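Residue-level structural notes
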Amino acid sequence: MAEFKRIGVLTSGGDAPGMNAAVRAVTRLALYKGVEVYGIYNGYQGLIDGQIKQLGARDVSYIINRGGTMLYTARCPEFKTKEGVEKAAAKAREFGLDGIVTIGGDGTFRGAVDLTDAGIPCIGIPGTIDNDIASTEMTIGFDTAMNTVVDLVDKLRDTSESHSRCTIVEVMGRDAGDIALNTAIAVGAVTTVIKEIPTDFDHVFEKMIEARRAGKRNFIIITAEGMGREYGEELTQLIEKRTGIEARFARLAHIQRGGSPTLQDRVLATKMGCAAVESLVSGQMKKVVCQRHNSIITMDIHDALQVDKLMKGKLSKEEQNKIPPNIMYDMKKIVAEKEAYKQYLNYIIDHITL
Ligand code: ADP
Ligand code: F6P
């Protein structure tokens, strides 16, 4: 088993509140275990460029409460090439890094697999506001982003009520409607529109017209970014046309990614950061840290990526045929549970909000 004397930590992909709490936990637990920690700035790009600096306990003070990521982040197209990965691995060797904790989304995990294959053991921590990683129930940043959305939509609802309008609010989520579904419940939206579940608009419009007749002034509809760039504006026009209710569109965009992390994100990030260090120093690699049925566990990173592709409908028949039936069974259970949960949330929205 490789001995871990020095590890690196990086954040990559879209930032998420709580990434700092994870960096802090990784640093502090590793130092406690006598392992040196190096911060890699600007994700994989910073690794290639050698933007690497040793971190002491005090370097991560007073960041548990801060949004963004103190290590900064970047998208790095070069890292998707073989040469890019080799450059990054060479730099990790030059700095004597025995392993790297990578905090980010599924793209970051794919990079972690490549880097491990190039001889630098990695372990992934799921950090993205979208909650679109199949292997975990919760990603770091999701809870904070949802709370931000609730706060903002409550404000939009005030003005909708005053003006007797419908406000269509687009929330983030490139591939997943998790933010939309949960926040729709929390703000009392009329409906939510996400890629995963079709919306019966005739039914929604009928309900809105009836409710308006009965005196309802404000209406909130949450749409997920994954519906497409023009979708929200088009829906806004359609609502005015079909219901006669004046409507406005609001895209919340990157404001959802900022701000101080909630208690839940700080605790989740800290637990995951510690679990990553425990795993790495005990010689486990090519793993991702996940939360499943409220426990923090690790999962093989290949399996995690495959279950993710299965959930997103990106796992080809050929790839599926190569997976042993027992693993496929477990993967399908994970995906089915997520899908059923979304159906359940959608059912609630549909049945109690008008
Ligand atoms: P996220 O990690 O939030 O999904 P991205 O998809 O942008 O965000 O991925 C972050 C970074 O991870 C990319 O900029 C790239 O450097 C690396 N990455 C993404 N996809 C791959 C891939 N298929 N192979 C290797 N590295 C990848
Ligand atoms: O992955 C998180 C996320 O905020 C997505 O919801 C969104 O599609 C994307 O990142 C936006 O990325 P960028 O910061 O590059 O505009």
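It should be noted that the structure appears before, not after, this text.
Okay, so let's go over this structure.

Parameters at a glance
Residues numbered from 1 in each chain as written. Chains lettered and ligands numbered in written order. Predicted model: local features only at pLDDT ≥ 70, side-chain atom pairs only at ≥ 80, totals over all residues. Heavy atoms only, no water. 1 Å grid on protein atoms, 1.4 Å probe; cavity = no way out; pocket = protein on both sides within 12 Å on 5 of 7 lines; lining within 4 Å. Points joined across faces, edges and corners; volume = space filled by probe spheres on them. Helix = DSSP H or I, 4+ residues; strand = E, 2+ residues; numbered from the N terminus. Nonpolar A, V, L, I, M, F, W, Y, C, P; charged D, E, K, R; others polar. Domains from an automatic or database assignment. Pairing = 2+ DSSP bridges. Axes fitted to C-alpha atoms, helices over the stretch in contact; angles between N-to-C directions. Contact = heavy atoms within 4.5 Å. Core = buried A, V, L, I, M, F, W, Y, C linked by side-chain atoms within 4.5 Å. Buried < 20%, exposed > 50% of the residue type's maximum accessible area, 1.4 Å probe, protein only. Near = heavy atom within 4 Å. Polar contact = N/O pair within 3.5 Å; in protein donor to acceptor, adjacent residues only side chain to side chain. Areas by Shrake-Rupley, 256 points an atom, 1.4 Å probe, with all protein chains shown as cover.

Overview of the layout of surface pockets
There is about 870 Å³ of room inside the largest pocket. Lining the largest pocket are 37 residues; nearest its centre among them are Gly13, Gly14, Arg75, Gly107 and Arg174. In terms of residue count, the dominant contributor to the lining of the largest pocket is helix H4 (residues 106-117) (six residues). A breakdown of the residues in the lining of the largest pocket according to their chemical character gives eight nonpolar, 11 polar and 18 charged. Structurally, the lining of the largest pocket is a two-domain feature, drawing no fewer than three residues from each of domain 1 (6-141 + 261-315) and domain 2 (144-258 + 340-352). Roughly 550 Å³ of internal volume is contained in the second largest pocket. Lining the second largest pocket are 24 residues, with Thr136, Glu137, Glu337, Lys338 and Tyr341 sitting closest to its centre. For the lining of the second largest pocket, the elements supplying multiple residues, two or more each, are helix H5 (142-163), helix H6 (178-187), strand E10 (287-292) and helix H12 (325-352).

Quick look at the sheet that holds strand E9 (residues 247-251)
Across the sheet, which stays open at both edges, the four strands sit in the order E7-E8-E6-E9 with parallel pairing between neighbours. At either end of the open sheet lies a strand with only one pairing partner, and these are strand E7 (191-193) and E9. For this sheet, the mean inter-axis angle between neighbouring strands, taken without regard to orientation, is 20°. As paired elements, strand E6 (residues 166-171) and strand E8 (residues 219-224) share six bridges and run parallel to each other. Each residue of the ladder has a partner; that of Val169, found in E8, is Ile222. Taken strand by strand, H5 contacts E6, E8 and E9, and its axis lies near 160° from that of E6. Across the sheet, helix H8 (residues 231-243) lies against E6, E7, E8 and E9, angled at about 165° from E9, the strand it touches most.

Overview of the nonpolar core
Core analysis: the largest hydrophobic core is formed by 59 residues, its most contacted members being Ile7, Val9, Val101, Ile125 and Ile222. For this core, the element with the highest residue contribution is helix H9 (residues 263-281), accounting for eight residues. Inspection of this core shows a minimum of three residues originating in each of domain 1 (6-141 + 261-315) and domain 2 (144-258 + 340-352). Setting aside chain neighbours within four positions, we find Val101 in contact with Ile7, Gly8, Val9, Leu10, Val26, Ile123, Ile125, Ala276 and Leu280. Of all hydrophobic cores here, the second largest spans 37 residues; its members include Ala88, Ala112, Ile323 and Ile334.

A closer look at the site of ligand 1
Every one of the 15 residues lining ligand 1 counts as a neighbour, but Arg75, Cys76, Gly105, Asp106 and Thr108 are closest to it. In the environment of ligand 1, an oxygen atom lies 2.9 Å from a nitrogen or oxygen atom belonging to the backbone of Gly105. Take Asp114: an N or O atom from its side chain is 3.4 Å from a nitrogen atom of ligand 1. Protein chains shield 84% of the accessible area of ligand 1, which is 540 Å² for the free molecule.

Details of the sheet that holds strand E3 (residues 52-55)
The seven strands are arranged E3-E2-E1-E4-E5-E10-E11 in an open sheet whose pairing can be described as mixed. Looking along the sheet, the strands with just one partner apiece sit at the ends: E3 and strand E11 (295-300). Neighbour to neighbour, the strand axes of the sheet diverge by 30° on average, direction disregarded. Where strand E5 (residues 122-126) and E10 come together, two bridges link them in parallel fashion. Each bridged residue has a counterpart across the sheet, and for Ile123 the counterpart in E10 is Lys287. Seen against the sheet, H4 touches strand E4 (99-104), E5 and E10 and runs at an angle of roughly 165° to E4.

A short note on the environment of Glu137
The topology assignment puts Glu137 in the loop between E5 and H5. Separated by 201 residues in sequence, Glu137 and Lys338 have C-alpha atoms that sit 8.1 Å apart. Residues in contact with Glu137, not counting those within four places in the same chain, are Asn131, Gln291, Arg292, His293, Asn294 and Lys338. Of the polar contacts made by the side chain of Glu137, one reaches the backbone nitrogen of Asn294; its length is 3.3 Å.

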